[in-house]
Amino acid sequence: MSKIKILPEILSNKIAAGEVVERPASVVKELVENSLDAGSTRIRIEIEKGGRALIRVSDNGSGMSHDDALLALERYATSKIYKDQDLFSIRTLGFRGEALPSIASVSRFVLVTRESASDVGTEIKVEGGKIKAVSEIGAPAGTMVSVKQLFYNTPARRKFLKSIGTEMSHIGDIVSSTAMGRPEIQFKLIHNNKTIKNWSPTTSPFERVIDVVGKDLETALHPIEFASNGISISGWISSPQITRKTSRGMFVYVNNRFVRDRIIQHALFQGYSQRLVKGQFPIAIIFIRVPFDQVDINVHPTKNEVRFGHQQQVHDAVKEAVARTLYETDHPGWRPAKFSGHAKSANPQQVSEALGKEFAIKRVDARLQDKVFADEVAVDNEAINISPQSITRGSQPATRDAQPEIRRSQAHIWPQKRFRDLRMIGQFHNTYIVCESDEGLILLDQHAAHERILFEQLRSQSARARMAVQQLLVPETVELGFREAHGLEKMIPELSTMGLDIEHFGGRTFVVKAVPASLSGRDVKPLIVEIAENMVTVGTSTDLRKALEQCCVIMACHGAIRANHPLSEPQMKGLLEQLDACGNPSHCPHGRPTWIRWDMQTLEKSFKRVV
Ligand code: ADP
Ligand code: MG
């Protein structure tokens, strides 16, 4: 006798429920998605006891006929796809046809529905997957699904439900992330007969975003916008100063579907490149639109994940959108101090002598380089500072089309926001440079600022070509571990372009013959060891650009002026001027801020001068 049997439908529905219905919030998600697919404009979600006692979703959507309502409860019954090809061009939120039968198999379930054209509605009662009653009923047009005593017949599952508060917060998350993507729809969330939140319909997506993330973020969010290759990106991102400790402030929508996607998250962080320190998460609401046939939704039963046809293009579009906006907004915004004469600009010669030759390298426009390593362009800096008209297309190097635009707007923004326009007051604790502008008091971290400057110089090929190199009188011998030696060996040619001249002496021994002038006088051994160790963790096999960028970070850190180091006025002024040439002057390569500001209002408030 055959041992293999086809499972009865109720059992297979219960198995499907194991994937689709993890907790009350998953029921809410599936029901709300059905309401949206049915074209509803008002959706009401009523919960009792965190969803243990009741989950009820009512809508004013299309409703179902008597026959369709019965069919909808069968496995693989869906009105959303019909043929093979439909699966590769899904426009609705649902398509698998398994939510209703799965939910009905693990609860006491009541469906009431009426099509607007029909005089009478249908009520279907199901218990643990078995249809108990079907009757005609008077009902408003639309659909109401009530899910009572979820998991009553799967005790092991019910036991895993968390406290009412926890389950409610999951439900709240699901409803708010859905509401954020559909501002034109009214959502009402009720718990134990009390309205928790009512999202009124609005034509302004930003209004809905603020309604979800909170009014205090209204000024902290900046719009993003980008389109290329049929992919369009829009949304809002927070300034790097406003972050969270988790990714919960990050909302990603692909063709209006809320998803969790590691690729997009990665792109987002790359867009913020070096503006955040480890463990900081931005607040971001990102809407991605791609042609329907270029995204596969059928990756996971809960449809929380997607797979893009052109993953790299989507990744780069998001990164670009974010980087552009941060580029435009994350620059210091002060006017020159008008009430006290400007400190005289330092003579470049003096600066160069004071800080070492490398420090006075002709200003290189590193602003754009901060975007991607390979995209670096040497832009004539003078052109930017004089006037926008000096910028002509003809003089631009061949770069991606996005860049000339950035250059143009930069010419408008930058001249009014220069570090050199600050009035320097002096040095504090041999660590911070104290400055003022009309708006308030500014402290710069000398190490972080210099790190940023050196990093951008090291990273720029054109600056590297002009970089002064210091031959070591006595070459330094460094011995490394096996893995470290292997890692370093591969990077030797690249490092030499940065002025770090290393020779492999054989085995695990290396000889350092020259260093960039910025590192002269510094202990070479720890630098080489750190670079080699980093090559082991980064793994040179992954991405040479990334590995090289890491080397720049390490070299900048070793070369930068330390804290507790007295600086002369020309040295400080030199730092400010060099910072002006940076693409991302506000953060060191590790993401720490290079400067902080107390505006007058805050100061006066602290001194109780204003009420
Ligand atoms: P799917 O959404 O994947 O099609 P479901 O099991 O969630 O599968 O729903 C089955 C079908 O029931 C849907 O395709 C739809 O036709 C119908 N349906 C479900 N909920 C609603 C609703 N709120 N309003 C109108 N029709 C609905
Ligand atoms: Mg569905």
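Since the model is a prediction, treat every value here as computed from it, not as a measurement.

*Asks:* Got a minute to help me understand helix 1 (residues 9-20) in this structure?
*Replies:* Side chains of residues three or four places apart in an α-helix project in the same direction, reflecting 3.6 residues per turn. Its twelve residues give helix 1 an end-to-end C-alpha distance of 16 Å, which sits within 8% of 16 Å, the value for a rise of 1.5 Å per residue. Elements that come into contact with the buried residues of helix 1 comprise helix 2 (24-37), helix 4 (99-105) and helix 5 (155-159).

*Asks:* Explain the sheet that holds strand 15 (residues 284-289) to me, please; I cannot follow it from the model alone.
*Replies:* Strands pair in a sheet through their backbones, by hydrogen bonds, and they do so in one of two ways: parallel or antiparallel. Spatially, the five strands line up as an open sheet ordered 9-10-15-12-13, and their pairing is mixed. Among the strands making up the open sheet, the edge pair consists of strand 9 (221-228) and strand 13 (257-259). On average, each strand axis in the sheet is tilted by 20° relative to the strand beside it, whichever way the strands run. As paired elements, strand 12 (residues 250-254) and strand 13 share three bridges and run antiparallel to each other. Within strand 13, the residue paired with Val 254 across the bridge is Arg 257.

*Asks:* Looking at this structure, I do not really get the packing of helix 6 (residues 164-181) against helix 7 (residues 205-213). What am I missing?
*Replies:* Geometry of a packed helix pair, given as the angle between the helix axes and the separation of the axes. With their axes 8 Å apart at the nearest point, helix 6 and helix 7 run at an angle of 165° to one another. The angle between helix 6 and helix 7 falls in the class roughly antiparallel. As for the relative orientation of helix 6 and helix 7, their crossing is left-handed in sense. Contacts from Ser 176, Ala 179 and Met 180 in helix 6 reach Arg 208, Val 209, Val 212 and Val 213 in helix 7. The residue makeup of the contact of helix 6 with helix 7, split by class, is five nonpolar, one polar and one charged.

*Asks:* So what exactly am I meant to see when it comes to the pattern of salt bridges here?
*Replies:* Between side chains of opposite charge, a pair can form as their charged atoms come close. According to the stated counting rule, one finds 24 salt bridges in the structure shown. For Glu 549, the salt bridge is made with Arg 459, and the minimal N-O distance between the two is 3.9 Å. Pair noted here: Glu 549 is in helix 17 (residues 544-559) and Arg 459 is in helix 13 (residues 446-459), with a separation of 90 residues, a long-range link. Residue Glu 549 shares its accessibility class with Arg 459, and that shared class is buried. Two residues, Arg 508 and Glu 479, come together in a salt bridge whose shortest N-O distance is 3.9 Å. With Arg 508 in the loop between strand 22 (501-506) and strand 23 (509-516) and Glu 479 in strand 21 (residues 469-479), this pair connects stretches of sequence that are 29 residues apart. One continuous salt-bridge network, built from bridges that share partners, spans Lys 29, Glu 30, Glu 33 and Lys 303.

*Asks:* Even after reading the chapter, I still don't get the site of ligand 1, so can you show me in this structure?
*Replies:* Among the 21 residues in the neighbourhood of ligand 1, the closest are listed as Asn 34, Thr 78, Ser 79, Lys 80 and Gly 97. Here an oxygen atom of ligand 1 sits 2.8 Å away from a polar atom, N or O, in the side chain of Asn 34. Interatomic distance of 2.9 Å between a backbone N/O atom of Leu 100 and an oxygen atom of ligand 1. Of all the secondary-structure elements, those providing two or more residues to the shell around ligand 1 are helix 2 and helix 4. Sorting elements by how many residues they give to the shell around ligand 1 places helix 4 first, with three residues.

*Asks:* What am I meant to see in the sheet that holds strand 2 (residues 54-59) here?
*Replies:* If you trace the eight strands from one edge of the open sheet to the other, you get 5-4-3-6-2-1-7-8, paired in mixed fashion. Single-partner strands in this sheet number two, and they are strand 5 (130-137) and strand 8 (194-199). Each neighbouring strand pair of the sheet contributes to a mean axis angle of 10°, computed without reference to strand direction. For strand 1 (residues 42-48) and strand 2, the ladder comprises six bridges, and the chain directions are antiparallel. Looking at strand 2, one finds that Glu 48 is bridged to Leu 54. Sheet contacts for helix 2: strand 1, strand 2, strand 6 (142-148) and strand 7 (186-191); angle to strand 2, the most-contacted strand, approximately 10°. Sheet contacts for helix 6: strand 1, strand 7 and strand 8; angle to strand 7, the most-contacted strand, approximately 175°.

*Asks:* What is the right way to read the packing of helix 13 against helix 17 from this model?
*Replies:* At a minimum axis separation of 8 Å, helix 13 and helix 17 run at an interaxial angle of 140°. It follows from the interaxial angle that helix 13 and helix 17 lie oblique. The interaxial crossing formed by helix 13 with helix 17 has right-handed handedness. Across the interface between the two elements, His 447, His 450, Glu 451, Leu 454, Phe 455, Leu 458 and Arg 459 from helix 13 touch Glu 549, Cys 552, Val 553, Met 555, Ala 556, Cys 557 and Gly 559 from helix 17. Taken together, the residues of the contact of helix 13 with helix 17 break down into eight nonpolar, three polar and three charged.

*Asks:* Got a minute to help me understand the environment of Gln 313 in this structure?
*Replies:* Relative to the helices and strands, Gln 313 is located in helix 9 (residues 311-329). When the C-alpha positions of Gln 313 and Ile 231 are compared, they lie 8.0 Å apart, and in sequence the two are 82 residues distant. Excluding residues within four positions of it along the chain, Gln 313 makes contact with Asn 229 and Ile 231.

*Asks:* I tried to follow the environment of Ala 284 on my own but got confused; where do I start?
*Replies:* Its place among the elements puts Ala 284 in strand 15. In the structure, Ala 284 is positioned 46 residues away from Ser 238 in sequence and 6.3 Å away in space, judged by C-alpha atoms.

*Asks:* What's the story with the packing of aromatic side chains in this structure? I'm lost.
*Replies:* The geometry of an aromatic ring pair comes down to the distance between the two centres and the angle between the two planes. Inspection of every chain in the model, using the stated rule, returns six aromatic pairs. Ring plane angle 55° and centroid distance 5.5 Å describe the contact between Tyr 253 and Phe 258, whose orientation is recorded as tilted. By relative accessible area, Tyr 253 is classed as buried at 1%. Members of the aromatic cluster, joined through ring pairs, are Phe 251, Tyr 253, Phe 258 and Phe 287. Positioned over the ring face of Tyr 152 is Arg 108, at 4.0 Å from the centre of the ring. If you follow Arg 508 out to its NZ or CZ, it ends over the ring of Phe 482, 4.6 Å from the centre.

*Asks:* Mind showing me how you'd approach a nonpolar patch on the surface here?
*Replies:* Taken together, the side chains of Leu 7, Leu 11 and Ile 15 define a hydrophobic patch exposed on the protein surface, amounting to about 260 Å² of accessible area. Within the secondary structure layout, Ile 15 lies in helix 1.

*Asks:* Explain the pairing of strand 4 (residues 121-127) to me, please; I cannot follow it from the model alone.
*Replies:* Within a regular beta strand, the side chains point alternately toward one face of the sheet and then the other, so they alternate between its two faces. Along strand 4, five of the seven residues are buried, which leaves the element largely enclosed by surrounding structure. Here six bridges tie strand 3 (residues 108-114) to strand 4, and the two strands are oriented antiparallel to one another. Paired with Thr 113 across the two strands is Thr 122, which belongs to strand 4. As judged from the seven bridges shared by strand 4 and strand 5, these two strands associate in the antiparallel manner. Bridge assignment links Val 126 to a residue of strand 5, and that residue is Ile 131.

*Asks:* Teacher, can you tell me more about the nonpolar core here?
*Replies:* The nonpolar side chains of soluble globular proteins are, as a tendency, buried together. Core analysis: the largest hydrophobic core is formed by 40 residues, its most contacted members being Val 28, Leu 31, Ile 45, Phe 109, Val 147 and Phe 187. Apart from the residues within four sequence positions on either side, Val 28 is in contact with Ile 45, Ile 47, Ile 55, Ile 171, Ile 174 and Val 175. Of all hydrophobic cores here, the second largest spans 34 residues; its members include Leu 495, Ile 502, Val 524 and Val 538.

Conventions used here
- Residues numbered from 1 in each chain as written.
- Chains lettered and ligands numbered in written order.
- Predicted model: local features only at pLDDT ≥ 70, side-chain atom pairs only at ≥ 80, totals over all residues.
- Heavy atoms only, no water.
- Helix = DSSP H or I, 4+ residues; strand = E, 2+ residues; numbered from the N terminus.
- Expected span 1.5 Å × (residues − 1).
- Contact = heavy atoms within 4.5 Å.
- Pairing = 2+ DSSP bridges.
- Axes fitted to C-alpha atoms, helices over the stretch in contact; angles between N-to-C directions.
- Parallel < 35°, antiparallel > 145°, perpendicular 65-115°, else oblique.
- Left-handed = near helix turned anticlockwise from the far one by under 90°.
- Nonpolar A, V, L, I, M, F, W, Y, C, P; charged D, E, K, R; others polar.
- Salt bridge = Lys/Arg side-chain N within 4 Å of Asp/Glu carboxyl O.
- Buried < 20%, exposed > 50% of the residue type's maximum accessible area, 1.4 Å probe, protein only.
- Near = heavy atom within 4 Å.
- Polar contact = N/O pair within 3.5 Å; in protein donor to acceptor, adjacent residues only side chain to side chain.
- Phe/Tyr/Trp six-rings, centres within 6.5 Å; stacked < 30°, edge-to-face > 60°.
- Lys NZ or Arg CZ within 6 Å of the ring centre and 35° of its normal.
- Patch = residues over 30% accessible without salt bridge, like charges linked within 9 Å, V, L, I, M, F, W, Y side chains within 5 Å.
- Areas by Shrake-Rupley, 256 points an atom, 1.4 Å probe, with all protein chains shown as cover.
- Core = buried A, V, L, I, M, F, W, Y, C linked by side-chain atoms within 4.5 Å.

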